[in-house]
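# Survey of secondary and tertiary structure
Spelled out, the chains give:
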There are 4 protein chains.
Amino acid sequence: MPRRAETPLRVRFAETDAQGVVYHANHLVYFEVARGEFLREGGWAYEALAAAGTFFVVAEARVTYRAPLRYDDAIVVTTRVGEVRTRSCTFEYEIRRGDTVVATGTTAHVCVDREGRAAPLPESMRAWLAG
Amino acid sequence: MPRRAETPLRVRFAETDAQGVVYHANHLVYFEVARGEFLREGGWAYEALAAAGTFFVVAEARVTYRAPLRYDDAIVVTTRVGEVRTRSCTFEYEIRRGDTVVATGTTAHVCVDREGRAAPLPESMRAWLAG
Amino acid sequence: MPRRAETPLRVRFAETDAQGVVYHANHLVYFEVARGEFLREGGWAYEALAAAGTFFVVAEARVTYRAPLRYDDAIVVTTRVGEVRTRSCTFEYEIRRGDTVVATGTTAHVCVDREGRAAPLPESMRAWLAG
Amino acid sequence: MPRRAETPLRVRFAETDAQGVVYHANHLVYFEVARGEFLREGGWAYEALAAAGTFFVVAEARVTYRAPLRYDDAIVVTTRVGEVRTRSCTFEYEIRRGDTVVATGTTAHVCVDREGRAAPLPESMRAWLAG
């Protein structure tokens, strides 16, 4: 069963734009906050991974926008593990406000070492991600 | 021949993150700055469109990241019109630093009226976009 | 006794910069998130104020940075009401990580109507702010 | 005579908020872009300073907001050197749109070494800043 987590967030005024809605790049920030929390709660805190020389770079990102988000909206970001490969993995996201799905998306990440060269994911992390 | 434009930008310190590179959501900002300049220079300034009740909402965005960007990097964003439909259109982007393609991407936009309902693109704009 | 509130936040990766710390403009975002929550919990939600034609514009902002903030740091923003005048008010902030004060600051706000003209704060709000 | 520079910028849509104006934290970004360009053109590029182990951290920032800025506004940021001390310096800024001063501000910076300890500004840089 693929792992997943739910992260509640509230839209900040700084994230809105002159059309009165959340500026579209900020959905990627919501994804990242949710992904970071998901990994931290799973025992894969950024700092510990970095200390071990394991970093991730974003290789691809996609967002589909279904409904506008406004200031103060309470949202929940669901994060799911997608594909897990030797040197990369993907995550899938869904942002909901109540019962409304306001956006979905995916991000792909490549594991790199301190010099930025592609490297295998730590075996234990890969096993955990694969659920 | 599809229309295109080239927009030079320089990476701001505010756009970098703790990995020393441009935070991945900011590529969508670069796309938007380039698209805005492309449209403004073509005679489709945001303010004039808004005054006429024509707005665009982002329906989808994709970015493929090929190389990291760093503070002070001089980049050029190439914007091309993709598909032009009755109520929507897409744009394609390429970000280069010198000869290196650092990212590519696409965005899809739906034309809406003042109430946010899908509406046809102004005929003259559609003709211009189609080149 | 002046009103105050404490707002817990966690530093996002998007808020860091290439020096590995939170980019200095983001402290103003933390202040704003804390101020918004403080007011919302006090019954002065943005939307309700806006519906009544009451808006606030930032007239001045000051931040003193005492210690760097890093990704994932858990912080608490304390918001206090400063001066309350007929058409304006100020807030004072302190950001702490554990026992360390990492930043302090103030913001000044002018009340404006829908047309952006300076206007008196609603009497009930002024009384509430004054504690 | 104190050194100064003028940096033209155009307001990005990403920088606006739901009140239809530039979100107030972004004025600090404009200051920083202008300061960076001012220093780079003076021969003090960030990368060269960093390679020599010279970094600056922001110790204080102040902004006074005089008029709203909107999407696509063409602005000019004037940067002036303020005080120059052994281990710190200040800059003063003015943002204008045409003849209108829309914001003014100051930032204070402390010179630090690679370990983040306060350090004297390089003598040649201090002389240059002092004009």
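This is a predicted model, so every value here is computed, not measured. The residue numbers shown here count from 1 along each chain, following its written sequence. By the order in which they are written, chains take letters starting at A while ligands take numbers starting at 1. The predicted nature of this model means local features are confined to residues of pLDDT at least 70 and side-chain atom pairs, given and counted, to a pLDDT of 80 or more, with totals for whole chains, interfaces and linings taken over all residues. No hydrogens and no water enter the side-chain calculation; it runs on all heavy atoms of the structure.

Residue and element names in this part refer to chain C. Numbering of helices and strands runs from the N terminus, with a helix taken as a DSSP run of H or I at least four residues long and a strand as a DSSP run of E at least two residues long. By the secondary structure assignment, Asn26 is in helix α1 (residues 26–41). Exposure remark for Asn26: the relative accessible area of 16% places this residue in the buried category. A polar side-chain atom of Asn26 sits 2.9 Å from the main-chain carbonyl oxygen of Glu15. Only protein chains enter the area calculation, which uses a 1.4 Å probe; residues under 20% of their type maximum are buried, those over 50% are exposed, and those in between are partly exposed. Under this definition, polar contacts are N or O atom pairs within 3.5 Å; protein pairs additionally need one hydrogen-donor-capable and one acceptor-capable atom, and for neighbouring residues in sequence, both atoms have to be side-chain atoms.

Bring the parts together and some accessible area is lost; that lost area is often taken as the interface size. Whether two residues are in contact is decided by their heavy atoms, any of which lying within 4.5 Å being enough. Every contact between the two is made by 20 residues of chain B and, on the other side, 20 residues of chain A. A side-chain nitrogen of Lys or Arg and a carboxyl oxygen of Asp or Glu constitute a salt bridge if their distance falls within 4 Å. The interface formed by chain B and chain A includes zero salt bridges. Of all the elements in the fold, those that place two or more residues in the side of chain B that touches chain A are α1 (26–41) and β2 (55–65) of chain B. Residue type decides the class: Asp, Glu, Lys and Arg count as charged, Ala, Val, Leu, Ile, Met, Phe, Trp, Tyr, Cys and Pro as nonpolar, and the leftover types, Gly among them, as polar. Of the residues assigned to the side of chain B that touches chain A, the class counts are 13 nonpolar, three polar and four charged. Criterion used throughout: strands pair if DSSP finds at least two bridges between them. Direction of pairing for strand β2 (residues 55–65) of chain A relative to β2 of chain B: antiparallel, over a ladder of five bridges. Paired with Thr64 of chain A across the two strands is Glu60 of chain B, which belongs to β2 of chain B.

The next thing to look at is helix α3 (residues 123–130) of chain D. Residues and elements named next belong to chain D. Along α3, the residues that are buried comprise Met125, Arg126, Trp128 and Leu129. Considered in projection along α3, the buried side chains sweep an arc of 165° and stay on one side of the axis. Along its buried surface, α3 packs onto α1 (26–41), α2 (46–51), β2 (55–65), β3 (74–84) and β4 (88–97). One or two residues past the end of α3 sits Gly131, with phi positive at roughly 75°. The arc in question is traced by the directions running from the helix axis to the C-beta atoms.

The residue Asp72 of chain B is not glycine, and still its phi comes out positive at about 80°. Residue placement: Asp72 of chain B occurs in the loop between β2 and β3 (74–84).

A few words on the pattern of salt bridges. On inspection of all chains with the given rule, the structure shows 52 salt bridges over all chains. Note that Asp72 of chain A is salt-bridged to Arg10 of chain A, the shortest N-O span being 3.8 Å. Of this pair, Asp72 of chain A sits in the loop between β2 and β3 (74–84) while Arg10 of chain A sits in strand β1 (residues 4–10), placing them 62 residues apart in sequence. Taking relative accessible area as the criterion, Asp72 of chain A reaches 17% and is therefore assigned buried. Residue Arg12 of chain B is joined to Glu15 of chain D by a salt bridge in which the shortest nitrogen-to-oxygen separation is 2.8 Å. Of this pair, Arg12 of chain B sits in the loop between β1 (4–10) and α1 while Glu15 of chain D sits in the loop between β1 (4–10) and α1, each in a different chain.

It is worth spelling out the packing of aromatic side chains at this point. A pair of Phe, Tyr and Trp rings is counted when the ring centres sit within 6.5 Å of each other, with Trp represented by its six-membered ring. The angle between the planes then sorts it: under 30 degrees is stacked, over 60 is edge-to-face, the rest tilted. All told, the structure shown has 28 aromatic pairs over all chains when counted by the stated rule. With 6.1 Å between their ring centres and 85° between their planes, Phe38 of chain A and Phe91 of chain A make a pair best called edge-to-face. Placement of the pair is Phe38 of chain A in helix α1 (residues 26–41) and Phe91 of chain A in strand β4 (residues 88–97), with a sequence separation of 53 residues. With relative accessibility at 4%, the residue Phe38 of chain A sits in the buried group. With centroids separated by 5.1 Å and ring planes inclined at 55°, the aromatic side chains of Tyr46 of chain A and Phe13 of chain C adopt a geometry described as tilted. Residue Tyr46 of chain A is located in helix α2 (residues 46–51), and its partner Phe13 of chain C is located in the loop between β1 (4–10) and α1; the two belong to separate chains. The partly exposed category is assigned to Tyr46 of chain A, whose relative accessible area is 26%.

To continue, consider the relation of the copies chain B and chain A. Alignment of the copies relies on least squares applied to C-alpha atoms, considering only residues that score at least 70 for pLDDT in both. When chain B is brought onto chain A, the operation consists of a screw motion whose angular component is 180° and whose axial shift is 0.0 Å, with 0.0 Å RMSD remaining. Both chain copies can therefore be described as sitting about a two-fold axis. Residues of chain B ranked by C-alpha distance from the rotation axis are headed by Arg62 of chain B, positioned 2.2 Å from it.

A word on the sheet that holds strand β5 (residues 100–112) of chain B. An order of β1(A)-β3(A)-β4(A)-β5(A)-β2(A)-β2(B)-β5(B)-β4(B)-β3(B)-β1(B) is seen for the ten strands of this open sheet, with the pairing classed as antiparallel. Lying at the two open borders of the sheet, with one neighbouring strand each, are β1 of chain A together with β1 of chain B. Along the sheet, successive strands turn relative to each other by an average axial angle of 25°, direction set aside. To define axes, lines are fitted to C-alpha atoms, for helices over the stretch in contact only, and angles between the resulting N-to-C directions are given on a 0 to 180 degree scale.

What follows deals with the sheet that holds β2 of chain D. Backbone-to-backbone hydrogen bonds join strands into a sheet, with any given pair of strands oriented parallel or antiparallel. Strand order in the open sheet formed by ten strands is β1(C)-β3(C)-β4(C)-β5(C)-β2(C)-β2(D)-β5(D)-β4(D)-β3(D)-β1(D), with antiparallel pairing between adjacent strands. In the strand order of this sheet, the two ends are held by β1 of chain C together with β1 of chain D, each with one partner. Strand-to-strand twist in this sheet, taken as the mean axis angle between neighbours without regard to direction, amounts to 25°. As judged from the ten bridges shared by strand β2 (residues 55–65) of chain C and strand β5 (residues 100–112) of chain C, these two strands associate in the antiparallel manner. The partner of Val63 of chain C across the bridge, within β5 of chain C, is Gly105 of chain C. Contacts from helix α3 (residues 123–130) of chain C reach β2, β3 (74–84) and β4 (88–97) of chain C, with the element oriented near 120° to β3 of chain C.

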